[in-house]
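Descriptive structure summary
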Amino acid sequence: MANATIDLPQGTLDLLILKTLALGPQHGWAISDRIEQVSREVLSIKQGSLYPALHRLERRGWIRAKWGASKNNRRAKYYELTRAGRKQLEAEESAWRQLTTAVGQVLETA
C-alpha cells in the first residue's frame, strides 16, 4: 500500500527547492522527482506549484536558470542556486528547525 501524500505547509516548497538545488543544477522535473524520492513519495510536487515557485525564486535572485540538454538530449531549463540563494537556504533551514523543535515540544507536553 502506497503512503498517502501530504500537502506542504505554505512556504515549505521554496525551502525544499533551495535544498534540492544545493546539490547542483537541476531541471524542473528532476527537482520534483528528487523531492518525491527523498520523501519516500510522501511529498508530491505538482507542476502547477513547482514552476510558479521556481519563477518566484528566480525573481528574488535566489536561483538562476539557463537552458541545457537533459540526459535524454531534450532541451531543458536548468536551475541553480545563487550566492544569495545559499544564504536564504541557511536562514530558512534554521527557521524551519526552530519551528519543528518548538512544535514538537508543544505536542509532547500539551
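I will try to describe carefully the structure that is included in this document.

Another aspect to go through is the overall build of the protein chain. A tally of helices and strands in the protein chain yields four helices and three strands. Viewed in the frame of its principal axes, the protein chain has a C-alpha envelope of about 55 × 40 × 20 Å. Within the span of the protein chain, comprising 110 residues, buried residues form 33% of the whole. At a minimum sequence separation of 6, the contacts of the protein chain that also span at least 24 residues come to 51%. Carbon and sulfur atoms make up 51% of the accessible area of the protein chain, which amounts to about 7800 Å² in all. Averaged over its 17 positive side-chain charges, the protein chain has a centre that lies 8 Å from the centre of its 11 negative ones.

This part covers unusual backbone geometry. Its identity is not glycine, yet Glu-41 carries a phi of approximately 65°, on the positive side. Residue placement: Glu-41 occurs in the loop between helix 2 (28-38) and helix 3 (47-59). At Asn-73, a position not held by glycine, the phi torsion is positive, near 60°. Within the secondary structure, Asn-73 sits in the loop between strand 2 (63-69) and strand 3 (75-81).

A word on the pairing of strand 3. The buried fraction of strand 3 amounts to five of the seven residues, a majority that puts the element mostly inside the structure. As paired elements, strand 1 (residues 26-27) and strand 3 share two bridges and run antiparallel to each other. The residue of strand 3 that forms the bridge with Gln-26 is Tyr-79. As consecutive antiparallel partners, strand 2 and strand 3 are separated by five residues, and within that stretch Asn-73 has a phi angle of approximately 60°, a positive value.

The rules behind these values
- Residues numbered from 1 in each chain as written.
- Predicted model: local features only at pLDDT ≥ 70, side-chain atom pairs only at ≥ 80, totals over all residues.
- Heavy atoms only, no water.
- Helix = DSSP H or I, 4+ residues; strand = E, 2+ residues; numbered from the N terminus.
- Buried < 20%, exposed > 50% of the residue type's maximum accessible area, 1.4 Å probe, protein only.
- Contact = heavy atoms within 4.5 Å.
- Areas by Shrake-Rupley, 256 points an atom, 1.4 Å probe, with all protein chains shown as cover.
- Lys, Arg positive; Asp, Glu negative; His and termini not counted.
- Charge placed at Lys NZ, Arg CZ, Asp CG, Glu CD.
- Pairing = 2+ DSSP bridges.

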